[in-house]
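For reference, the chains in residue letters:
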Amino acid sequence: MAHDEPQAAGPTKLVIRNIGLMLSGAMENPILDADTIVAENGRITAIGRAKDVNPEGATTIVDANGTTVAPGLIDSHVHPVAGDWTPRQNQTNWIDSYLHGGVTTMISAGEVHMPGRPRDIVGLKAMAIFAQRAFWTLRPGGVKVHAGAPVIENEMVEDDFKELAAAGVKLLGEVGLGGVKDGPTARKMVGWARKYGIQSTIHTGGPSIPGSGLIDKDVVLEADTDVIGHINGGHTALPDDQIRCICEGCKRGLELVHNGNERSALFTLRTAREMGDLSRVILGTDAPAGSGVQPLGILRMVSLLSSLGELPAEIAFCLATGNTARMRALDCGLIEIGRSADFVIMDRAQHSPGKNILESVQLGDLPGIGMTIIDGIVRTQRSRNTPPATKVPMIVGH
């Protein structure tokens, strides 16, 4: 089983050179005119041309070999439980497997698959604090799992949210997976959470697990959570007119998930684009779930939205990186000075008909991953899960 990430023994300086294409993660400027990145002690310190940056003192040098460097992918919707194991499919090493799909950061939408999950207030608070602490300490393969997302129940009062925030909890699990399923109660508790700096999301659509229920547009809009969780259903989507009503009726995050309705995801994408609101669209897998674990789920969503949604691939990658980072107030997801040095290095899959990685993604193919880097430390090299990349990066110096 994957356990804690490798630790740096001292100061580190990473230099990635010979980059063929640099994707920023930012929709307003998705492609950067640069071929070199420098990161020191896990933070990006320089982006530019090789002649303009200082590589002296590098502890790790990566030759990108003309491949593509992008921010590490962010999965906005996962359901972790304990370590790198999920009871939902009784599978180990699922987080490490996601890393081989380019995912370097995960956001919990609730630890709902915990066997015997407590519903009483003391128990649900204790479980949330445990999950937050456990995943802060344990990072499988180096992946950053933001966990500890309690599912709200009707008996909660404002002091419960104050206590959770003071203990370090920053997320709510999906509203609607517990006892709170009505708009007025949800809005009151979401307001308490927001007051204490806790971000919220809501289950959208038909029931997904026993105990959940239908959450329609009226409840979604009244609850006013920060993120509209799986607006394309998890698995069962709302009708198109309700999805459009949600998109038009608020300015919150619109989360599209792999384990949802693909047609509804494309409808949401078109609606957001018509509104000029693509910056609100973020991506998740909604896994582990009944349909399994999807290590390549985020890449598959990028490919789906680019190919069938006719979205330029460099913009589609932003939905899985910079959009989510900004929506979730994360310090990763963008190639900017000062941000976490979390990267995925990719290339066109071997024998894809696309002439380059962007064209291949727009044709519906997945890229091949050659390396992942978290906090400036190389975590994996050629992926065991993606199609083999045409070219791969190499570590050429320490």
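Right above here is the structure, for reference.
Enquirer: What exactly am I supposed to notice about helix 6 (residues 240–249) here?
Expert: What sets the pattern is the α-helix's 3.6 residues per turn: residues three or four places apart point alike. All of the buried residues along helix 6 are Gln 242, Ile 243, Ile 246 and Cys 247. In a view along the axis of helix 6, the buried residues occupy a sector of 140°, so they form one face of it. Helix 6 presents Asp 241 and Gly 249 as exposed residues on the side facing more than 90 degrees away from its buried surface.

Enquirer: Sorry if this is basic, but what is going on with the pattern of salt bridges here?
Expert: In a structure, side chains of opposite charge can pair up when their charged atoms sit close to one another. Taken as a whole, this structure holds 25 salt bridges when the rule is applied. Across the salt bridge formed by Asp 226 and Arg 194, the nearest N and O atoms sit 3.1 Å from each other. Highlighted residues: Asp 226 in the loop between helix 5 (217–223) and strand 14 (227–228) and Arg 194 in helix 4 (residues 183–195), separated in sequence by 32 residues. With a shortest N-O distance of 3.3 Å, Arg 339 and Glu 336 are connected by a salt bridge. Residue classification places Arg 339 among the buried residues on the basis of a relative accessible area of 17%. In the salt-bridge network here, residues are joined through shared partners; they are Arg 139, Lys 144, Asp 342 and Asp 375.

Enquirer: Would you explain empty space enclosed by the protein in this entry?
Expert: Gaps left between atoms are located by rolling a probe of water-molecule size over the structure's atoms. For the structure shown, the criterion picks out two cavities of 30 Å³ or more. The computed volume of the largest cavity comes to approximately 80 Å³. Lining the largest cavity are Glu 111, Arg 117, Pro 118, Leu 124, Met 127, Ala 128, Ala 149, Pro 150, Val 151 and Glu 153. A class-by-class count of the residues in the lining of the largest cavity yields seven nonpolar, no polar and three charged. A volume near 30 Å³ is recorded for the second largest cavity. Lining the second largest cavity, in full, are Ser 76, Ile 107, Ser 108, Ala 109, Leu 171, Leu 172, Gln 199, Ser 200, Thr 201 and Arg 328. Residue composition of the lining of the second largest cavity, grouped by class: four nonpolar, five polar and one charged.

Enquirer: For this particular structure, what's the right way to read the packing of aromatic side chains?
Expert: Given two aromatic rings, one states the distance between the centres and the angle between the planes to describe the pair. For the structure shown, the criterion picks out two aromatic pairs. Centroid distance Trp 94 to Tyr 98: 5.4 Å. Interplanar angle 85°. Geometry classified as edge-to-face. You can see Trp 94 and its partner Tyr 98 sitting in helix 1 (residues 94–99), four residues apart, about one turn around the helix. Side by side, Trp 94 and Tyr 98 carry an identical accessibility label, which is buried.

Enquirer: What exactly am I supposed to notice about the environment of Leu 358 here?
Expert: Note that Leu 358 resides in helix 11 (residues 357–362). Judged by its relative accessible area of 14%, Leu 358 falls in the buried class. Here the alpha-carbon distance between Leu 358 and Thr 390, two residues 32 residues apart in the chain, equals 13 Å. If near-sequence neighbours (up to four positions away) are discounted, Leu 358 is found in contact with Leu 21, Leu 23, Ile 31, Ala 313 and Glu 314.

Enquirer: Where do I start with helix 2 (residues 121–137) in this structure?
Expert: Helix length check: helix 2 (17 residues) gives 24 Å between terminal C-alpha atoms against 24 Å at 1.5 Å per residue, within 8%. Within the span of helix 2, buried status applies to Ile 121, Gly 123, Leu 124, Lys 125, Met 127, Ala 128, Ala 131, Gln 132 and Phe 135. Against helix 1, strand 12 (144–146) and helix 3 (158–166) lie the buried residues of helix 2.

Enquirer: I'm lost on the environment of Gly 297 in this one. Help?
Expert: Mapped onto the elements of the fold, Gly 297 is located in helix 8 (residues 297–307). By relative accessible area, Gly 297 is classed as buried at 0%. Residues Gly 297 and Asp 75, spaced 222 residues apart in sequence, show a C-alpha to C-alpha distance of 8.8 Å. For Gly 297, the residues in contact, after removing those within four places along its chain, are His 258 and Thr 285.

Enquirer: Can you walk me through the layout of surface pockets in this structure?
Expert: The volume enclosed by the largest pocket comes to roughly 650 Å³. Forming the boundary of the largest pocket are 22 residues, of which Trp 136, Val 145, His 146, Lys 170 and Leu 330 lie nearest the centre. Mapped by element, the contributors of at least two residues to the lining of the largest pocket are helix 2 and strand 12. Of the residues in the lining of the largest pocket, the class split is nine nonpolar, six polar and seven charged.

Enquirer: So what exactly am I meant to see when it comes to unusual backbone geometry here?
Expert: Of all residues except glycine, most have a negative phi; of all peptide bonds, most are trans. Following Gly 234, the chain continues to His 235 via a peptide bond in cis, the omega torsion being 15°. Inspection of the secondary structure puts His 235 in the loop between strand 14 and helix 6. Here the amide bond leading from Ala 287 into Pro 288 is cis, since omega sits at -5°, within 30 degrees of zero. Assignment of secondary structure puts Pro 288 in the loop between strand 16 (281–284) and helix 8. Although it is not a glycine, His 230 sits at a positive phi angle of roughly 25°. Looking at where His 230 falls in the secondary structure, it is placed in the loop between strand 14 and helix 6. Its identity as a non-glycine residue notwithstanding, Glu 310 has a phi of 55°, on the positive side. With respect to the helices and strands, Glu 310 occurs in the loop between helix 8 and helix 9 (313–319).

Reading guide: rules and limits
Residues numbered from 1 in each chain as written. Predicted model: local features only at pLDDT ≥ 70, side-chain atom pairs only at ≥ 80, totals over all residues. Heavy atoms only, no water. Buried < 20%, exposed > 50% of the residue type's maximum accessible area, 1.4 Å probe, protein only. Helix = DSSP H or I, 4+ residues; strand = E, 2+ residues; numbered from the N terminus. Arc of directions from axis to C-beta. Salt bridge = Lys/Arg side-chain N within 4 Å of Asp/Glu carboxyl O. 1 Å grid on protein atoms, 1.4 Å probe; cavity = no way out; pocket = protein on both sides within 12 Å on 5 of 7 lines; lining within 4 Å. Points joined across faces, edges and corners; volume = space filled by probe spheres on them. Nonpolar A, V, L, I, M, F, W, Y, C, P; charged D, E, K, R; others polar. Phe/Tyr/Trp six-rings, centres within 6.5 Å; stacked < 30°, edge-to-face > 60°. Contact = heavy atoms within 4.5 Å. Expected span 1.5 Å × (residues − 1).

Worth remembering: the numbers are spatial, not functional.
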